[in-house]
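Each chain, written out:
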Amino acid sequence: MELRLLRYFLTIVETGSITKAAEVVRVAQPSLSRQLRGLEGALGMTLFDRGGKQMVLTAAGRRFLPLARDLVARADTAEAAVGAMAAGRAMRITVAAPPTTITDVIAPFLATWGPEDPLVTVQAESPARAYQALARGADVAISSAPPTRRFAGLPVARLPLWAYVRADHAWADRDRVTMRELAAEPLIVLTPAHGTRRILDQAVQDADASYDIVLECDTPHVAQAMAASGHGVAVVSDDPRFDLHPLLILDSTGEPLRIHLHAAWDAGCHYAVRSIEAFAAGLSRFCVERYGPQVA
């Protein structure tokens, strides 16, 4: 199986036509048709239904598509890495992470790097979808959800959940609040897709309490903005903004609520595995330096 044929296959899928694909890859249409039949013969399966005007994937073709994309993406990444090493440039790593983690943790960490360190590109993903980005070309994913056993990984940090109040709030001279006290306030929370919200809900259940949601937000910055405007107490894990005062939230046992960050990457052979491991370990050390030893 040649990468060239896989690229032709993907181009046909994208264009939906042998004719259009031939124009894109600059190969004569009869030649492209023969090479596609050769790929199907090598695989022992028919990839396209040729009954209509459009090239429609068969059931086998639909199953083969993500495999072909993965192989081509890995080849492209490897070629880029080899080219960078040959030219004396730093290796490139792609990181997938939630927006809050990118803003508060990853970007400040990268600011401490030097020109000899790998180049890093970052793509924003929800915590629930961060690990899925590994199948789409990301080298390492950071999420509050624990990775499955199919991935290699490293725990990065245990960051606290905060209750944010304005300076004129009755709690502004305190540094912590119990779950029962917090549940009695009007709360601005994140949607259930966020790990912060799931941890809060579990803590409320454990405390045998209930709470009043004033507003659900998909963005932690907006939750803090609404708290700053006097609409309630924001419960998020990101760093303080808008001059809000942070309070640790204590669960029913008196321990602070914390959200865990995990780093995960492909457990198979990866050309940049050492750089990925160094990135994850360095990010963990940075969190300890930034937030204190309690997050280790």
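A short tour of the structure in this document, coming up. (Residues numbered from 1 in each chain as written. Predicted model: local features only at pLDDT ≥ 70, side-chain atom pairs only at ≥ 80, totals over all residues. Heavy atoms only, no water.)

### Quick look at helix α2 (residues 18-25)
Link 1 in the chain: Buried residues of α2: I18, A21 and A22, and no others. Down the axis of α2, the sector holding all buried residues measures 105 degrees, keeping them to one side. In α2, the exposed positions that point more than 90 degrees away from the buried face belong to E23 and V24.
Link 2 in the chain: Against the buried residues of α2 lie α1 (3-15) and α3 (29-43).
Link 3 in the chain: Between the side-chain oxygen at the start of α2 and the backbone nitrogen of T19 there is a gap of 3.1 Å, and the oxygen is on S17.
Link 4 in the chain: Trailing α2 by a residue or two, R26 shows a phi angle of about 60 degrees, which is positive. (Buried < 20%, exposed > 50% of the residue type's maximum accessible area, 1.4 Å probe, protein only. Helix = DSSP H or I, 4+ residues; strand = E, 2+ residues; numbered from the N terminus. Arc of directions from axis to C-beta. Contact = heavy atoms within 4.5 Å. Polar contact = N/O pair within 3.5 Å; in protein donor to acceptor, adjacent residues only side chain to side chain.)

### So, the packing of aromatic side chains
Link 1 in the chain: Applying the stated rule across the entire model yields 7 aromatic pairs.
Link 2 in the chain: Aromatic pair F9 and F64: ring centres 5.3 Å apart, planes at 55 degrees, arrangement tilted. Here the residue F9 occupies a position in helix α1, and F64 occupies one in helix α4 (residues 59-86), the gap between them amounting to 55 residues. Take F9 and F64: they sit in the same class, and that class is buried.
Link 3 in the chain: Ring geometry for W113 against F279: centres 6.0 Å apart, planes inclined by 80 degrees, an arrangement best described as edge-to-face. With W113 in the loop between α5 (99-110) and β4 (119-124) and F279 in helix α9 (residues 273-291), this residue pair connects regions lying 166 residues apart in the sequence.
Link 4 in the chain: Looking at W113, the relative accessible area reads 22%, which means it is partly exposed.
Link 5 in the chain: An aromatic cluster of three or more residues is present, and its members are F109, W113, F279 and F286. (Phe/Tyr/Trp six-rings, centres within 6.5 Å; stacked < 30°, edge-to-face > 60°.)

### So, a nonpolar patch on the surface
Link 1 in the chain: Among the surface-exposed residues, M1, L3 and L71 lie close enough to one another that they form a single nonpolar patch of about 280 Å² accessible area.
Link 2 in the chain: Here M1 lies in the segment before α1.
Link 3 in the chain: With relative accessibility at 61%, the residue M1 sits in the exposed group. (Patch = residues over 30% accessible without salt bridge, like charges linked within 9 Å, V, L, I, M, F, W, Y side chains within 5 Å. Areas by Shrake-Rupley, 256 points an atom, 1.4 Å probe, with all protein chains shown as cover. Salt bridge = Lys/Arg side-chain N within 4 Å of Asp/Glu carboxyl O.)

### Quick notes on α9
Structurally, the α-helix is built with 3.6 residues per turn, so residues lying three or four positions apart point the same way.
Link 1 in the chain: The first and last C-alpha atoms of α9 sit 27 Å apart over 19 residues, in line with the 27 Å expected at 1.5 Å per residue.
Link 2 in the chain: Buried positions along α9 lie against β3 (92-97), α5, β5 (140-143), β6 (151-160) and β13 (258-266). (Expected span 1.5 Å × (residues − 1).)

### Quick notes on the nonpolar core
Link 1 in the chain: Ranked by internal contacts, the top residues of the largest apolar core, which has 43 residues, are V140, I142, M179, L182, L200, I249 and L283.
Link 2 in the chain: The element best represented in this core is α9, accounting for 6 residues.
Link 3 in the chain: Residues within four places of L182 in sequence aside, it is in contact with A163, W171, V177, L187, L200, V233, V235 and I249.
Link 4 in the chain: Within the second largest apolar cluster, 21 residues are counted, among which are L6, A22, V27 and F64. (Core = buried A, V, L, I, M, F, W, Y, C linked by side-chain atoms within 4.5 Å.)

### Observations regarding the pairing of strand β12 (residues 245-250)
Link 1 in the chain: Here strand β7 (residues 162-165) pairs with β12 via 4 bridges, running antiparallel. Its bridge partner being in β12, V165 is matched across the sheet by H245.
Link 2 in the chain: Here strand β8 (residues 176-178) runs beside β12; their pairing, made up of 3 bridges, is parallel. When the bridges of β12 are listed, R176 appears paired with L248. (Pairing = 2+ DSSP bridges.)

### Description of unusual backbone geometry
Residues apart from glycine generally show negative phi values, whereas peptide bonds are mostly found in trans.
Link 1 in the chain: Positive phi values are uncommon outside glycine, yet D208 reaches one of about 55 degrees.
Link 2 in the chain: Residue placement: D208 occurs in the loop between α7 (195-206) and β10 (212-217).
Link 3 in the chain: Assessed through its relative accessible area of 64%, D208 is described here as exposed.

### Digging into the environment of G61
Link 1 in the chain: Within the element layout of this structure, G61 appears in helix α4.
Link 2 in the chain: Along the backbone, G61 and E40 are 21 residues apart, and their C-alpha atoms lie at a distance of 9.6 Å.
Link 3 in the chain: Residue contacts for G61: discarding those within four places in its chain leaves F9, T46 and L47.

### A look at the sheet that holds β10
Link 1 in the chain: Reading across from one edge, β8-β12-β7-β11-β9-β10 is the order of the 6 strands in this open sheet, with mixed pairing throughout. Each edge of the open sheet is held by one strand with a lone partner, namely β8 and β10. Within this sheet the neighbouring strands show an average axis-to-axis angle of 35 degrees, counted without direction.
Link 2 in the chain: Across 5 bridges, strand β9 (residues 186-190) lies against β10 in parallel orientation. Bridge pairing in β10 links L190 to C217.
Link 3 in the chain: Contacting β9, β10 and β11 (233-236), α7 crosses the sheet at an angle of about 135 degrees to β9.
Link 4 in the chain: Contacts between helix α8 (residues 220-228) and the sheet are confined to β7, β9, β10 and β11, with β11 contributing the most and set at about 160 degrees to the helix. (Axes fitted to C-alpha atoms, helices over the stretch in contact; angles between N-to-C directions.)

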